[in-house]
Amino acid sequence: MNNYANARSSLDNQSAFIDLRSDTVSKPVAGMRQAMAEAKVGDDVYQDDPTVNLLQHRVAHMLGKEAGLFVSSGTMSNLIAMLVHCQRGDEIITGRDYHVYCDEAGGASIVGGIFFDPLDPAADGALNPEDILAAVKPDDIHCPISRLLCLENTWHGEAISLARIKASAAAGRQAGLNIHLDGARFFNAVTALNIKPSDLAGVADTVSVCLSKGLGAPAGSVLCGPSDFIHKALRVRKYLGGAMRQVGVLAAAGLYALDHHIGRLSDDHAHAHDLAQFLSTIPRLSVRSATNMIFLTLADGSPAELANSLLEQGIIITPGTPETRLVMHLNIDDTALDAIKLAFKNWHMS
Ligand SMILES: Cc1ncc(COP(=O)(O)O)c(C=O)c1O
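Residues numbered from 1 in each chain as written. Predicted model: local features only at pLDDT ≥ 70, side-chain atom pairs only at ≥ 80, totals over all residues. Heavy atoms only, no water.

Draft legend 1. Representation of the sheet that holds strand E12 (residues 324-327) in the model. If you walk across this open sheet you meet the three strands as E9-E10-E12, and the pairing is antiparallel. Looking at which strands have only one partner, the edges of the open sheet turn out to be strand E9 (285-290) and E12. Each strand of the sheet is rotated relative to its neighbour by a mean of 25 degrees, with strand direction disregarded. Across four bridges, the pairing between strand E10 (residues 293-298) and E12 is antiparallel. Paired with Met 293 across the two strands is Val 327, which belongs to E12. (Pairing = 2+ DSSP bridges. Helix = DSSP H or I, 4+ residues; strand = E, 2+ residues; numbered from the N terminus. Axes fitted to C-alpha atoms, helices over the stretch in contact; angles between N-to-C directions.)

Draft legend 2. The arrangement of the side chain of Asn 292 in detail. Within the secondary structure layout, Asn 292 lies in the loop between E9 and E10. Taking relative accessible area as the criterion, Asn 292 reaches 0% and is therefore assigned buried. At 2.9 Å, the side chain of Asn 292 and the side chain of Asp 23 are in polar contact. Apart from residues lying up to four places away in sequence, Asn 292 is in contact with Asp 23, Arg 185, Asn 188, Asp 268, His 269, Ala 272, Leu 326, Val 327 and Met 328. (Buried < 20%, exposed > 50% of the residue type's maximum accessible area, 1.4 Å probe, protein only. Polar contact = N/O pair within 3.5 Å; in protein donor to acceptor, adjacent residues only side chain to side chain. Contact = heavy atoms within 4.5 Å.)

Draft legend 3. Seen up close, the packing of aromatic side chains. Enumeration according to the criterion identifies three aromatic pairs in this entry. When the centroid spacing of 6.3 Å and the interplanar angle of 85 degrees are considered together, the rings of Phe 344 and Trp 347 count as edge-to-face. Of this pair, Phe 344 and Trp 347 both sit in helix H15 (residues 334-349), three residues apart, roughly one helical turn. The residues Phe 344 and Trp 347 share a single accessibility class, namely buried. Sitting over the ring of Trp 347, Arg 284 keeps its end group 4.0 Å from the ring centre. Across from the ring centre of Phe 295, 4.2 Å away, lies the NZ or CZ of Arg 288, which sits over that ring. (Phe/Tyr/Trp six-rings, centres within 6.5 Å; stacked < 30°, edge-to-face > 60°. Lys NZ or Arg CZ within 6 Å of the ring centre and 35° of its normal.)

On their own, these measurements won't tell you what the molecule is for.
In structure tokens form, the structure reads like this:
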């Protein structure tokens, strides 16, 4: 076993490590754990868990949507949305490297018989309106029925401007498509763009927001949209096996995250910017940052060697080609940032 695998196998001792693989790795803070312990709960399949109901209402209201549905994950939220929007044989137009197309195991095709037409995003991550219009299929029996446009913001950390995402949505609407927004990091986008949640949510019919990324909850997403859509979504969540019972303990973590962790996302963005500036001074690296993410390209040496060197110094990253991603989250404070900078300096000097 190499050093990397060795340390990975002793991840029980994780608190000793600084983990930069994703913002999903953050641990619930003490206040969140307390809110979970004290949560009022009920059976959510009967829709009588008061904490779940409050969370759903709160997120929907923030986004300017009629209703919300608490689900286990971002993948389930997107899948439910796609299954409600589309029938078998319908088509989703989306980005080639958007999560719904390349990171959700093809669930919409497996479960729903839904076809994808993936488009190359522009440099800012947006889908160009002319590409969307060109991808919409004619009313021809040889073609699937173009039904849904799936957008994503942030996209690989990049906050796509409101004007650009509105332009994509306008093209979709012109072609008669419904619009779903994968907002796994919705509040990172809203924070970076300095806009209201309802401004961004307003571009889409339905929006999925994750609570378990930068917001620091242990699990959960909320799918928001019109009341009749969410009513249908309840049945889909049920047949996917995603209807849970006294899940107010998790919803309480989500409510805590909304109250305490949206405001601090700007800290993650500032940390990413600060660390990127420091790393840019290391000649072997070319560096860019976007909201809470940093992307490194190595001029020499391998990402795996970099990962091993950092791991020996207590820092976990996922080596990547062509870019290695580092992600800031609520467990990365100023002390951790100093340790990360020192570890990179040592790697560079070694
Ligand atoms: C853009 C995007 N959408 C959806 C998801 C899926 O979220 P989950 O891991 O909760 O299923 C992720 C996960 O990282 C994501 O990055």
